[in-house]
Amino acid sequence: MELKLLMKSARSAVLEIADGGLYYTKEKYRLLVNGVCVKDVETVITSVFGLKPETEYEICLVREDKSEAGRVRFTTEYEFVTLNVRDFGAKGDGVQDDTRFIQAAILCCPKDGRVLIPRGTYRITTLFLKSDLNLELRKGAVLLADTERFAYPRVPGLIESYDETDEYNLGSWEGNPLPMFTSIIMGVDVKNVFLYGEGTINGNASGENWWHNPKVMVGAFRPRMFFVTRCQNITLQGIKFCNSPSWTLHPYFSQDLRFYNVFVENPSDSPNTDGLDPESCKNVEVAGVRFSLGDDCIAVKSGKIYMGKKHKCPSENIHIRQCLMENGHGAVTLGSEMAGGVKNLTVEDCLFCHTDRGLRIKTRRGRGEDAILDRITFRNIDMDHVMTPFVVNSFYFCDPDGRTEYVQSREPMAADERTPSIRRLEFENIRAANCHVAAAYFDGLPERKIEEIVMKNITVTYAENPRQDVPAMSEGVEACSLKGIYANNVKKLVLRNVSITGQKGEAVTLRNVDETQ
C-alpha cells in the first residue's frame with residue numbers, strides 16, 4: 001500500500017492509492033487535508049481541488065477503521081493572479097452568450113495566472129486556448145455549447161502555401177484533412193495549458209442537431225469537444241465532458257499530454273462519440289479516466305492515408321492505466337485511421353465493462369507501409385461482458401473501397417507501399433468474464449502476416465446465455481456465440497497458461513500459423 005503524488009499545481013493535486021485495485025480501490029478510504037476530512041475515496045486515481053498557491057499540505061489517507069494507510073507532503077505551485085470571468089461580463093445565467101467574455105479573460109491572463117469560471121451555466125460556442133494558461137471550472141460550473149451549426153467558425157482542412165510548395169492543415173475529419181467547425185475548446189500551436197476543476201463541459205448534442213445525419217457534411221464536419229493541434233504540454237484534470245457532437249477529446253499532432261480523472265459520458269447510441277482519440281501524438285499519459293459512450297472509448301490514430309504518408313508521424317509512447325471503459329464499441333482501439341503507425345503503447349490496470357471488444361485493431365490494405373503497429377502491450381486487465389476481448393482485423397471494411405476485392409480478398413496480394421504491418425502484440429494477466437462471441441479473433445494479411453502474438457495468463461469464461469454476433473467487421477466473417485481463439489496468418493503465436501471455459505468446438509483454431517509455443 002502506497003500513497004503517491006502524481007501531479008500538483010497551484011490549486012489542485014492528483015494522487016494514486018496503490019492498494020492493488022483496478023480503477024476502484026480495494027478498500028474505502030477517507031482523505032484528510034491538513035487534518036480536515038475533505039472526501040471519501042474509492043478510486044485509485046483521485047484529485048484534490050480547492051488548494052491555495054504556495055501552501056504546504058499534508059494529505060493523509062485513512063481506512064474505515066481509522067488506521068492510516070498513507071501520507072504525502074508537498075507545497076503547491078506559485079500563482080500570480082486570478083481573473084474571474086464574471087468580472088469580464090460573463091453572467092453564467094444560461095441565457096446570455098458568454099463566449100466573448102470568457103475569451104477576453106483567457107486572452108488577458110498572464111503567465112502563472114488563473115482564469116476562474118465559478119458556479120453557473122455559461123452558454124458558449126468556441127473558446128480558443130492560449131499558451132501558459134491555467135483555466136479552472138469550479139464545481140457547479142457548466143459550459144453549455146450552442147447547437148446552432150453556423151454560429152461556429154469553420155476551419156479549412158488544407159490551405160496551400162503562397163509559393164505552392166507546402167500547405168497548412170487546420171481541419172480534420174476521421175483521419176483526413178477536411179473542413180470542420182471549430183471545437184468547443186480549441187487550441188492551435190499553444191503550449192503549457194492546464195484545464196482543470198470539478199465542472200462540466202456539455203456539448204449539448206442530440207438527434208435534433210449534431211447527431212442528425214451525422215456522416216453528412218453540412219457547411220463543415222462536426223466539431224469536437226476538445227481539439228488541440230500542434231500543441232505541447234497540455235493537461236486535463238477532473239473535468240466532465242458530455243454529449244459531444246462527435247469525438248470528445250481529439251489531440252492532433254501534439255505531444256506531452258496528460259489526462260487525469262476526466263469523465264467522458266455520451267449516450268450509448270450516440271454516433272461517433274469516441275472518448276479520446278490521440279492522432280499522431282507522442283508522450284500521452286491517461287490515468288484514472290472513466291469512459292461511458294457510444295463508440296470507441298480510446299481510439300489511437302495517425303491519419304487515414306494522406307496525412308500518415310505525408311508526415312509519417314506515428315502515435316507513440318502512450319500509457320493508459322487505471323481507467324474504466326464502459327458501454328463502447330471498443331475499450332481501446334488502434335485504427336483504422338493509422339497510416340502513420342502506432343508504436344510503444346501500454347494499457348494496464350484497467351476495467352473494461354460492457355464494451356463490444358477489449359483490444360480492437362482495425363487496419364486494411366491501402367493504409368500503407370508506414371502503418372506499422374509494434375510494441376503493443378495489454379496487461380493486468382479485468383473485463384466483464386466484453387463480447388470479444390481480443391480482435392485484430394486486417395480486413396476492416398471502412399471507406400468507399402472497403403468491400404472491394406483488393407481490401408477483402410483472403411488470397412495473397414503483392415506486398416508493396418500500400419501494405420500495412422502488425423509486429424508484436426503482448427497480452428498478460430487478463431481475466432475476461434461473461435464473454436459472448438469469441439475469446440480472440442486474430443486475422444492477419446496473407447502477404448504480410450502478424451509477426452508475433454504473445455498471450456500469457458489469460459482466463460476467459462462465457463456468459464450463461466451468450467449473444468451471437470460477428471467478432472470482427474469484415475466480409476466473410478460468420479456470426480458466432482461461443483468461439484474460442486481464432487488465429488489466421490500469424491508468424492508466431494505464444495499461448496502460455498491460457499484458459500477458455502464454455503466455448504463450443506475447438507478452444508483454439510489455427511490457420512496459416514507458422515509457429516506456436
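It should be noted that the structure appears before, not after, this text.
Bear in mind the structure is a predicted one, so any value in this text is a computation, not a measurement.

Student: How would you summarise the overall build of the protein chain if you had to cite specific residues and measurements?
Tutor: When its secondary structure is counted, the protein chain shows three helices and 43 strands. Computed over its C-alpha atoms, the radius of gyration of the protein chain comes to 23 Å, within 12% of the 24 Å expected for a compact globule of 517 residues. Overall, the C-alpha framework of the protein chain stretches about 70 × 65 × 40 Å when taken along its three principal axes. Burial statistics for the protein chain: of 517 residues in total, 59% are counted as buried. Accessible area of the protein chain: about 20100 Å², with a carbon and sulfur share of 44%.

Student: Go over the sheet that holds strand β3 (residues 24-33), please, and point to the residues and values.
Tutor: Strands sit in the order β4-β3-β6-β7 across an open sheet of four strands; the sheet is antiparallel. This sheet does not close on itself; its edge strands, each paired only once, are β4 (36-43) and β7 (68-75). Each strand of the sheet is rotated relative to its neighbour by a mean of 25 degrees, with strand direction disregarded. The pairing of β3 with strand β6 (residues 56-63) spans five bridges and is antiparallel. Bridging from a neighbouring strand, V33 pairs with I59 of β6.

Student: How would you sum up the state of the cysteines? Please name residues and give values.
Tutor: Two cysteines joined by a covalent bond between their sulfur atoms form a disulfide. By the definition in use, this model includes zero disulfides. Free of any disulfide, C350 has its nearest cysteine sulfur in C323, 4.8 Å distant. Its relative accessible area of 0% is what places C350 among the buried residues.

Student: Go over the packing of aromatic side chains, please, and point to the residues and values.
Tutor: Within the structure shown, the criterion is met by 14 aromatic pairs. On the numbers, 4.9 Å between centres and 55 degrees between planes, the contact of F390 with F427 is tilted. Of the two residues, F390 is situated in strand β37 (residues 388-393) and F427 in strand β39 (residues 424-435); the sequence distance between them amounts to 37 residues. Each member of the pair F390 and F427 is classed as buried.

Student: Run through the side chain of T235, naming residues and quoting values.
Tutor: By the element assignment, T235 lies in strand β23 (residues 232-237). In this structure the side chain of T235 is engaged in a polar contact, spanning 2.9 Å, whose partner is the side chain of R258. Not counting the four nearest positions on each side in its chain, T235 is found in contact with M7, V193, F194, L195, R258 and Y260.

Student: Provide a residue-level description of the layout of surface pockets, including the pertinent values.
Tutor: Empty space within the largest pocket amounts to approximately 710 Å³. Among the elements of the structure, β3, β4 and β5 (45-48) are those that each provide at least two residues to the lining of the largest pocket. The biggest single contributor to the lining of the largest pocket is β4, with six residues. Of the residues assigned to the lining of the largest pocket, the class counts are 13 nonpolar, nine polar and seven charged.

Student: Describe the pairing of strand β2 (residues 13-18), with residues and values.
Tutor: Within β2, five of the six residues are buried, which leaves it mostly tucked inside the rest of the structure. Bridge analysis of strand β1 (residues 2-8) against β2 gives six bridges, and the strand direction is antiparallel. Within β2, the position partnered with E2 by the bridge is A18. In this structure, the hairpin formed by β1 and β2 is closed by a connection of four residues.

Student: Quick one: what's the story with empty space enclosed by the protein, residue by residue and with numbers?
Tutor: Applying the stated criterion to the full structure yields one cavity of 30 Å³ or more. Of the pockets and cavities examined, the largest cavity occupies roughly 50 Å³. Looking at the lining of the largest cavity residue by residue, the class counts come to four nonpolar, three polar and two charged.

Student: I'd like a description of the environment of T182, backed by residues and values.
Tutor: Tracing the chain through its elements places T182 in the loop between β18 (180-181) and β19 (185-188). Through-space distance from the C-alpha of T182 to that of I485 is 44 Å; in sequence the pair is 303 residues apart. For T182, the contacting residues outside a window of four places in its chain are T126, F128, Y152, P153, V155 and P223. Side chain to side chain, T182 and T126 meet in a polar contact 2.7 Å long.

Student: With reference to specific residues and values, describe a nonpolar patch on the surface.
Tutor: Nonpolar side chains collect at one region of the surface, where F150, V216 and V218 lie side by side and expose about 260 Å² of accessible area between them. Structurally, the position occupied by V216 is in the loop between β21 (200-202) and β22 (226-229).

Student: Describe the sheet that holds strand β25 (residues 249-252), with residues and values.
Tutor: Taking strand neighbours across the sheet as the criterion, the four strands line up as β12-β19-β22-β25 in an open arrangement whose pairing is parallel. Each edge of the open sheet carries a strand with a single partner, namely β12 (127-128) and β25.

Student: Please give an account of the nonpolar core that cites residues and values.
Tutor: F352, F378 and F427 are the most contacted members of the largest nonpolar core, which totals 101 residues. The biggest single contributor to this core is strand β41 (residues 450-462), with six residues.

About the criteria used
- Along each chain, numbering runs from 1 in the same order as the chain's sequence is written.
- Owing to the predicted nature of the model, reporting of local features is limited to residues with pLDDT of at least 70; listing and counting of side-chain atom pairs is limited to 80 or more, with chain, interface and lining totals taken over all residues.
- Neither water nor hydrogens contribute to the side-chain values; these are computed over all heavy atoms in the structure.
- Helix and strand definitions here come from DSSP, where helices need a minimum of 4 consecutive H or I residues and strands a minimum of 2 consecutive E residues; each element is numbered from the N-terminal end.
- Just to be clear, the radius of gyration here is over C-alpha atoms, and the globule rule we use is 2.2 Å times residues to the power 0.38.
- A 1.4 Å probe rolled over the protein chains alone gives each residue an accessible area, and that area as a share of the maximum for its type sets the label: buried under 20%, exposed over 50%, partly exposed in between.
- Surface accessibility follows the Shrake-Rupley procedure with a 1.4 Å probe radius. Residue values consider only the protein chains on display as shielding.
- Pairing between two strands is assigned when DSSP locates at least 2 bridges connecting them.
- Throughout, an axis means a line fitted to C-alpha atoms (over the contacting stretch in the case of helices), and angles, computed between N-to-C directions, take values from 0 to 180 degrees.
- In what follows, a disulfide is any cysteine sulfur pair within 2.5 Å.
- Geometry of aromatic contacts follows a simple scheme: Phe, Tyr and Trp rings, the Trp one being its six-membered ring, pair when their centres are within 6.5 Å, and the pair is stacked under 30 degrees between planes, edge-to-face over 60, tilted otherwise.
- Here a polar contact is taken to be a pair of N or O atoms separated by no more than 3.5 Å, where protein atoms must pair a possible hydrogen donor with a possible acceptor and residues adjacent in sequence count only if both atoms sit in side chains.
- When checking whether two residues touch, look at their non-hydrogen atoms; a contact exists if any pair is within 4.5 Å.
- Site definitions follow a grid-based scheme: protein atoms alone, a 1 Å grid, a 1.4 Å probe that fits but cannot get out for cavities, and for pockets an open set with protein on both sides within 12 Å along at least five of seven lines, plus lining residues having an atom within 4 Å of a point.
- Grid points are joined across faces, edges and corners, and a volume is the space filled by probe spheres set on the points.
- Each residue gets one label: Ala, Val, Leu, Ile, Met, Phe, Trp, Tyr, Cys and Pro are nonpolar, Asp, Glu, Lys and Arg are charged, and the others, such as Gly, are polar.
- To count toward a patch, a residue needs a relative accessible area above 30% and no salt bridge. Like charges then connect within 9 Å, nonpolar side chains (Val, Leu, Ile, Met, Phe, Trp, Tyr) within 5 Å.
- The rule for a salt bridge is simple: a side-chain nitrogen of Lys or Arg has to be within 4 Å of a carboxyl oxygen of Asp or Glu.
- The term nonpolar core refers to a set of buried residues drawn from Ala, Val, Leu, Ile, Met, Phe, Trp, Tyr and Cys, joined through side-chain atoms within 4.5 Å.

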